[in-house]
Structures are given as C-alpha cells and as structure tokens.
Amino acid sequence: MRYKAAATPRLRLFCFPYAGGAAHIFRQWPQGLPPSVEVCAVQPPGRGGRLRERPITSLRQLVAEAAPALRPYMDLPFAFFGHSMGAVVAFELAHHLRGARADGPAQLFVSGCRAPQLAREGDFTYNLPEPEFLAEIRRLKGTPPEVLEHPELLELVLPLLRADFTAIHTYEYSEVPPLTCPLTVFGGVEDEDVGVESLKAWRAHTTAAFTLRMLPGDHFFLHGSQPLLLEALNRDLRRLADTSP
C-alpha cells in the first residue's frame, strides 16, 4: 500500500508491521519523511483489504510470498524498515533477494527486535490457551484496549494474532553471510523484552556501517516516539535519496 505516492520518487521505503499490525500503522509517515521518499507499507494476509485471506503461520513462507509481490516496486533504489516481527521479515527478505541475485535494500532499518541469531528465552506464547494468550496480548500493549474489550472484534483479531505469533515464535535462524548495506537498529529504552545487548548483536549482520539508536518508550515506542523515529529516519533516507542515481 503506497501512502501519498511521490510525484517523482527517488527512493522507496518498504515498511513491515509488527505481529498483529497492519499497513495503516505507517499511514502518517509520509508527512515526516522527505518528499522524494515514497512510503510503501506492506499489508500481510488477514488484515485490511486482505481480511478474507488466511494469515500465514510461517515467516519464511511470508517472505517467499512477499518477494514476487514487491518486486515490481523495486524499480527504484529502496530501503526496508521493520518493527519487531517485521524486522525479521525485512532481514530475511533482504537475504532472499541476495539469494535470488536481485538488488537488495540500500539500507536496512530494524526496530524493537533482538538479533535473529539469539535464541528465544522460552517465551513461546502462540500456543497458550485463550485466557493466557489474551493476558500476554494485554501485557504487550500493542492491541488497542477497545479491540480486546469488543467480543466481535476480538473474534476477528485473535486468529491473526495467533498466526503471527506462530510465525515469529517458530522462526529458526539459519547462519548466512552478513549483508553489505548499512544497518540501523532502533530500540525502546523501557522495552522489557528487547534489551540493549540483544540489539547490539545485530552488528554481526552487516559489513557496512552499523548504528544503534535508543528512543524513549516501551516495545511499541514507534508510536509514542514517532516524531523522534521519523526525524532519525529522515536524515538517513534523505542521504540515500540524494545519492540515488
């Protein structure tokens, strides 16, 4: 989904949402980014205009299906941004493109996500009984309370959340050579689930420049600290757009 398509874009920013999230979480981003950057928010199955499609429960399948769907929009230089589960999708898609001998992102931005090579610490919640699963969703604070308190909305959202959690919790990292593009990592200072050391571990995944930026907020700091996040992205994206052929 392209938000406020640029008349003459020089760079496209593909944005990948967190588990349970949808393309609309990026709808305001064009207002805070350079006019030469076109924001393309990725809409996975099971939400928005794809509500009737079955959500995907395998992260690698999600990447395999996203690659050909996005390829027509990769006719310009591009960058990837992903938050939480979306960060792993963006990372794996960058490697998928390299494996297919296609041009990869000019820069990778990952947010609110521990480095993929770090084993999860037994926090698998995708297969919990519904009361415990709902308690975990409430703890993470990524789903609006009005959705959780509305039985009909909850009935629509729960299968999607469980599918996304299955995809990220069953994901297994396979060792691959590092990327050659710059990699910028964002983290929330108050994020109890993703600590600074697990963010620093992303350094192993690029031979180019690596930057770590910590912003105020918990795991969903991309909402509360959106102006600061967009300000940081603005600088890097403007540089990429200005140097694009």
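These numbers were taken from a predicted model, which means no experiment stands behind them. (Residues numbered from 1 in each chain as written. Predicted model: local features only at pLDDT ≥ 70, side-chain atom pairs only at ≥ 80, totals over all residues. Heavy atoms only, no water.)

## Topic: the overall build of the chain
Here is the rule: Helix and strand assignments follow DSSP, with helices taken as H or I runs no shorter than four residues and strands as E runs no shorter than two, numbered in order from the N terminus. Buried, partly exposed and exposed residues are distinguished by accessible area as a fraction of the type maximum, computed with a 1.4 Å probe on protein chains only: under 20%, between the cut-offs, and over 50%, respectively. Should any heavy atoms of two residues lie within 4.5 Å, those residues are considered in contact. Note on areas: Shrake-Rupley, 1.4 Å probe, and residue coverage restricted to the protein chains presented here. For this count, His and the chain ends are skipped, Lys and Arg are scored as positive, and Asp and Glu as negative. To locate a charge, the coordinates of NZ of Lys, CZ of Arg, CG of Asp or CD of Glu are taken.
Within the chain, the secondary structure is distributed over 8 helices and 7 strands. Taken over the C-alpha atoms alone, the chain extends approximately 55 × 35 × 35 Å along its principal axes. Within the chain, buried positions represent 52% of all 245 residues. When contacts within the chain are restricted to residue pairs at least 6 apart in sequence, long-range pairs at least 24 apart make up 79% of them. Carbon and sulfur atoms form 53% of the exposed surface of the chain, whose accessible area is close to 11,900 Å². Of the charged side chains in the chain, 25 are positive and 27 negative, and the gap between their average positions amounts to 8 Å.

## Brief notes about the layout of surface pockets
Rules: A cavity here means a set of points on a 1 Å grid, drawn over the protein atoms and nothing else, where a 1.4 Å probe fits but cannot get out; a pocket is an open set with protein on both sides within 12 Å along at least five of seven lines, and a residue lines either one if it has an atom within 4 Å of a point. Grid points are joined across faces, edges and corners, and a volume is the space filled by probe spheres set on the points.
Counted as a void, the largest pocket has a volume near 1,100 Å³. Along the wall of the largest pocket there are 50 residues; nearest its centre are Tyr 18, Ala 19, Gly 20, Leu 161 and Phe 165. Listed by contribution, the elements that provide at least two residues to the lining of the largest pocket are α2 (85–99), α3 (130–140) and α5 (151–169). Sort the elements by how many residues they give to the lining of the largest pocket and α5 lands first, with 8 residues.

## What to know about empty space enclosed by the protein
This is how it is decided: When residues are sorted by character, Ala, Val, Leu, Ile, Met, Phe, Trp, Tyr, Cys and Pro go into the nonpolar class, Asp, Glu, Lys and Arg into the charged class, and all the rest, Gly among them, into the polar class.
In the structure shown here, the tally under the stated rule is 1 cavity of 30 Å³ or more. In this structure, the largest cavity occupies an estimated 30 Å³ of space. Within the lining of the largest cavity, the residues separate by chemical class into 6 nonpolar, no polar and 2 charged.

## Some thoughts on the environment of Gly 195
Counting through the fold element by element, Gly 195 comes out in the loop between β6 (183–188) and α6 (196–200). Using a relative accessible area of 35% as the deciding quantity, one classes Gly 195 as partly exposed. Along the chain, Gly 195 and Pro 116 lie 79 residues apart, while their C-alpha atoms are 13 Å from each other.

## Focus: the side chain of Gln 226
Relative to the helices and strands, Gln 226 resides in helix α8 (residues 226–243). Every residue in contact with Gln 226, bar those within four places of it in the chain, is listed here: Gln 28, Trp 29 and Phe 221.

## Digging into the packing of α3 against α5
Note the threshold: Comment: axis = line fitted to C-alpha atoms, over the contacting stretch for helices; angle = value between 0 and 180 degrees taken between N-to-C directions. An angle counts as roughly parallel when it lies under 35 degrees, as roughly antiparallel when it exceeds 145, as roughly perpendicular when it falls between 65 and 115, and as oblique in every other case.
Their axes nearest at 12 Å, the elements α3 and α5 cross at an angle of 85 degrees. Classed by the angle they form, the pair α3 and α5 counts as roughly perpendicular. Facing Glu 130, Phe 133, Leu 134, Ile 137 and Leu 140 of α3, the residues of α5 in contact are Leu 154, Leu 158, Leu 161, Arg 162 and Phe 165. Per-class residue counts for the contact of α3 with α5 are 8 nonpolar, no polar and 2 charged.

## Considerations on α5
Rules: A helix is expected to span 1.5 Å multiplied by its residue count minus one.
An ideal rise of 1.5 Å per residue puts 27 Å on 19 residues; α5 measures up with 26 Å between its terminal C-alpha atoms. The set of residues buried in α5 consists of Leu 154, Leu 158, Leu 160, Leu 161, Ala 163, Asp 164, Phe 165, Thr 166, Ala 167, Ile 168 and His 169.

## As for the pattern of salt bridges
Test applied: Think of a salt bridge as a Lys or Arg side-chain nitrogen and an Asp or Glu carboxyl oxygen that are within 4 Å of each other.
For the structure on display, the rule yields 10 salt bridges. When the shortest N-O distance is used, the salt bridge between Glu 38 and Arg 12 registers 2.6 Å. Of this pair, Glu 38 sits in strand β3 (residues 37–41) while Arg 12 sits in strand β2 (residues 11–16), placing them 26 residues apart in sequence. Accessibility expressed as a relative area gives 1% for Glu 38, which makes it buried. By relative accessible area, which is 7% here, Arg 12 ends up buried.

## Some points on the state of the cysteines
Under the convention used in this document: The rule for a disulfide is simple: a pair of cysteine sulfur atoms within 2.5 Å.
Scanning the entire structure with this criterion turns up 0 disulfides. Note on Cys 113: no disulfide assigned, nearest cysteine sulfur contributed by Cys 181 at a separation of 16 Å. For Cys 181, which is in no disulfide, the shortest distance to another cysteine sulfur is to Cys 15 and amounts to 15 Å. Cys 181 gets classed as buried once you look at its relative accessible area, which sits at 10%.

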